[in-house]
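Structural overview for review
Residues per chain, in single letters:
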Amino acid sequence: MANGSSLDRLEAETFTDFHGNGSCLVEDCVDSTDHDKTKQKSLFCKFFSVYLKENCSRGDVRHVPVMLGDGQLLDLYQLFSLVKKNGGYDVVSRKGLWDSVIVELGLNLHVLASVKLIYDRYLNDFEGWLSKTNPKSDGNDGEEKFCNTDDDVLCVEISAEEFHSPKCKRESLSEMITWMRDIAKHPFDPAAQPLPEPSELKGCRGGQNFSVQMLKARDVLFVRKHSKPNSGSSSQKVKIHPAMYEDPVALSHQGTKKLRCSERISIAVKSRCTCCNSYPGNGHGCPLEKPPSKPGVTGKKKSTAKPVVAGKKKSKSYWDDDLHETLVSIGHRFQVEVPEWTGVASESDSKWLGTQVWPVKDDDSKATTETDLAGRGRRGKCSCKVQGSVDCVRFHIAENRMKLKLELGYVFYQCGFDRTGEGVSLQWTAEEEKKFKDLMMLNIPSEKKAFWNNFWKNTFKNFQMKTRKDMVNYYFNVYLIQQRSYQNRVTPKDVDSDDDGEEFGSFGDGYGRKAIKHPFMEFMECSENTQCFDFE
Amino acid sequence: MRSKDRIAYFYDGDAGSVYFGPNHPMKPHRLCMTHHLVLSYDLHKKMEIYRPHKAYPVELAQFHSSDYVEFLHRITPDTQHLFTDELSKYNLGEDCPVFDNLFEFCQIYAGGTIDAARRLNNQLCDIAINWAGGLHHAKKYVHHGDGVEEAFYFTDRVMTVSFHKYGDMFFPGTGDAKEIGEREGKFYAINVPLKDGIDDSSFTRLFKTIISKVVETYQPGAIVLQCGADSLAGDRLGCFNLSIDGHAECVRFVKRFNVPLLVTGGGGYTKENVARCWAVETGVLLDTELPNEIPENDYIKYFGPDFSLKIPNGHIENLNSKSYLSTIKMQVLENLRSIQHAPSVQMQEVPPDFYIPDLNEDLQNPDERIDQHTQDKHIQRDDEYYEGDNDNDHQTDL
């Protein structure tokens, strides 16, 4: 009892030491000016872990760290203290104060329901447990004591209850624990001390089991898994393996019961399915994770399928002091199998090597003589009446197109060039074009999405004759081109072909017949136009 | 330079009609635009064009899990609401949307790279190009993250080298310099994390130093060069400040090693710049410098108002200080020292940093191939941003 306060200091120290880097649950780095808060936080973590352990042993599972649906991690301590500050769960619910709690936590309001649920599942029960553990006080006082800076009483009680152990265990265990801490800090250090001999623990009850657990914990720490934030989640950066939340304070504390440690580690082996950021056992059918085994009660552990275990590797970059973790998956499910090189290239059959479309095989002579002409740019001058006018540009585009078609022949169609160019609009009626343009102007993303994805459902009857490919072709070859034409001439400093909804005018009266107007002559069909697009 | 490199260029006309959906930054139509530019500049006169076969599901399943492939094959926009669990499992949905002919698109770009690799393996060409390829985030089971690096993280048969933006929770969040591979693959993965705004001179200098050291040390039998164009200035999602010349300079540099080379595309979300960049780089691979004035073609209007191959400078601050870059460089070079030299390599004098001598053609026998023992070694380079909407400026809002 006498060393209750030193106990506390040791715990806080060790805890912070262990978790000082990037821990989510204890969010901020240790702030020496806010010692009380730190103490409270560390106490919270300690008690919560004990609570977890006890509940898990009853078969009632709680997973930490807690994650919200969009992948953000939730600081349980912060949540707990905020709600307490506002008067408790019931008061907050009654008075509708959840909004402010959410805002204070720095979260989006749409996670309100999740946060409430989490509080209910995790912390309400925890409160109850806390008050039960402290028979001297009723429920509220327990929390008060917890939130107080007068921590010694509580922690002494806990220590009296839980930490009693014979001396021999204490010594060998502390050695084991020191080793584990070293491993945790430097998991990949080749100079790491080897695992203490299990025989040293033989004298202690279940010592061998304990060393098995230590080995498993080391495996867990070594294994890394690539973390995958869900799209849109910008705050999810740090992922902590649940093992990190198992209270190392208790482990390092002299005389910790070994049974308790092994159960903790068993919790650590259970992992979160990081591929979908949800916890297994919710029926989500992730292929990566077999259903986790029930946490052992006696400390005997069978190894479950363990290919996907979210491990953590701490790494600190030299140049910016942001601390972060990186996780890479391992296992046959993630890495490729690189077969040995046999000296023989596989698949030399031509159909597996791509079909040659150019140069056309029987026309070698033509190809070789023209290699020098490759890489010519746009001619500076042309003989058009008004250089650079809409008609001039159209003429030259058509001219080049003709040349290419003559040169490539069949390859022109193979490359899909028959489906490109503004001439695509010739296959659309004016009405269809207008409807398309109106639709694009609608700046309602969901409608646009529905349009592109669902048009097979005949939502837009006027496009009945058009396939999706036609629509996409028209969009890129006519609609956007027109938009860019307009921008090039009217807003040359502000060009963007990605913003669909912008209003734009047009130059010329579209393509085809109406494009060329002559006031005094009968309209003459432009032979260029018909030649280019008569390949249907 | 060898007297005449054989270049095989892979293109499938169906790629241009792939559409991810409104407001999605990835636009396969950029491939069609690139192809138009390449042909407008008559570059087809100097190379062979191939239409690749569309990769069969079983080929895709050589790496990816078969149920993932199957799912991609069967899912359509109309039915996706019935498979919300699977969508989240495979990380499809918003960032990686389900759209019509999604699977066909996968088959196109994968088939292109597969055919290109085979052609190189069979020594039918010296350089193979597949601008549709280079999409490197899909992992075995999900589409997300640094898939290719992870795939080869534990092996020394493939060395991966990646130059990318890192930090500020930029997608995908991995790529710290400390990620160097594990077990047998330790030191066979190189990550070069960079900050916003890196410019041509800083980048090319760093790139050349590191890549020359890698090639010297690892002696690859083949190189896969992923030319993600989101490192260009003005990219919709990216935040570097490279010009097209700077970007192409790196391609030119790798070509000079005269190692069988597979060039792929990658990211790049301002499609005009992507088309410019890859057309210029096709020219570089063909030893042809393209004049800036873009010849008239169907898509010339996209390149207005200047209709030139040049892109404007980004005018953003380069947050990569000299000391920072120097630190990274030292770290990478030190890691490379840990790799044993390949047994067949002659010890050569190592040139001082920043001085890259031209390769002496007379010493190289153009008919001799790298010996089979090292044939299967690859290095791969990335210098791009990753798809995703974790960019600060552009929140895709579907």
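Conventions and cut-offs
Residues numbered from 1 in each chain as written. Chains lettered and ligands numbered in written order. Predicted model: local features only at pLDDT ≥ 70, side-chain atom pairs only at ≥ 80, totals over all residues. Heavy atoms only, no water. Helix = DSSP H or I, 4+ residues; strand = E, 2+ residues; numbered from the N terminus. Expected span 1.5 Å × (residues − 1). Bend = angle between axes of the 7 residues up to and from the residue. Buried < 20%, exposed > 50% of the residue type's maximum accessible area, 1.4 Å probe, protein only. UniProt positions renumbered as here; feature names shortened; annotations may be inferred. Axes fitted to C-alpha atoms, helices over the stretch in contact; angles between N-to-C directions. Parallel < 35°, antiparallel > 145°, perpendicular 65-115°, else oblique. Contact = heavy atoms within 4.5 Å. Nonpolar A, V, L, I, M, F, W, Y, C, P; charged D, E, K, R; others polar. Core = buried A, V, L, I, M, F, W, Y, C linked by side-chain atoms within 4.5 Å. Pairing = 2+ DSSP bridges. Disulfide = S-S within 2.5 Å.

Residue and element names in this part refer to chain A. For helix α18 (residues 468-490), spanning 23 residues, the distance from its first C-alpha to its last is 31 Å, which sits close to the expected 33 Å at 1.5 Å a residue. Residue Y475 marks the point of greatest curvature in α18, where the axis turns by about 40°. Taking burial as the measure, the 23 residues of α18 include 17 buried ones, the bulk of the element.

As recorded in UniProt, the sites labelled "binding site: a divalent metal cation" (unreviewed entry) are H143 and D230 of chain B. Among the secondary structure elements, D230 of chain B is positioned in the loop between β6 (222-226) and α8 (244-255).

Turning our attention to the packing of helix α7 (residues 200-218) of chain B against helix α10 (residues 322-337) of chain B. Residues and elements named next belong to chain B. Where α7 meets α10, the closest approach of the two axes is 10 Å, and the angle between their N-to-C directions is 5°. Here α10 runs roughly parallel to α7, going by the angle between their axes. Contacts between α7 and α10 involve S202, R205, L206, T209, I210, K213, V214 and T217 from the first element and K322, L325, K329, V332, L333 and L336 from the second. Its residues placed into classes, the contact of α7 with α10 shows 7 nonpolar, 3 polar and 4 charged.

Moving on, we get to the nonpolar core. In terms of nonpolar packing, the biggest core is built from 127 residues, with M159, F163, V192, L194 and I211 of chain B touching the most fellow members. Sorting elements by how many residues they give to this core places α18 of chain A first, with 9 residues. Membership of the second largest hydrophobic core comes to 32 residues, among which are L43, L52, L76 and L130 of chain A.

Our focus in this paragraph is the pairing of strand β7 (residues 261-264) of chain B. Residue and element names in this part refer to chain B. Taking every second residue as pointing to the same face, both faces of β7 are buried, with L261 and V263 on one and L262 and T264 on the other. As paired elements, strand β3 (residues 127-130) and β7 share 4 bridges and run parallel to each other. Bridge pairing in β7 links I129 to V263. Here β6 pairs with β7 via 4 bridges, running parallel. When the sheet's bridge partners are listed, L225 is paired in β7 with V263.

Counted by the stated rule, this structure contains 0 disulfides over all chains. A disulfide-free cysteine, C392 of chain A has its sulfur positioned 3.7 Å from the sulfur of C382 of chain A, the nearest such atom. Given a relative accessible area of 6%, C392 of chain A falls into the buried group. Looking at C415 of chain A, it has no disulfide partner, and the nearest cysteine sulfur is the one in C32 of chain B, 9.2 Å off.

Moving on to the packing of helix α5 (residues 98-105) of chain A against helix α6 (residues 112-133) of chain A. Residue and element names in this part refer to chain A. Taken N-terminus to C-terminus, the directions of α5 and α6 make an angle of 95°; their axes are 10 Å apart at the nearest point. Taken together, the axis directions place α5 and α6 in an arrangement best described as roughly perpendicular. Contacts between α5 and α6 involve W98, D99 and I102 from the former and L112, V115, K116 and Y119 from the latter. Residues of the contact of α5 with α6, tallied by class, amount to 5 nonpolar, no polar and 2 charged.

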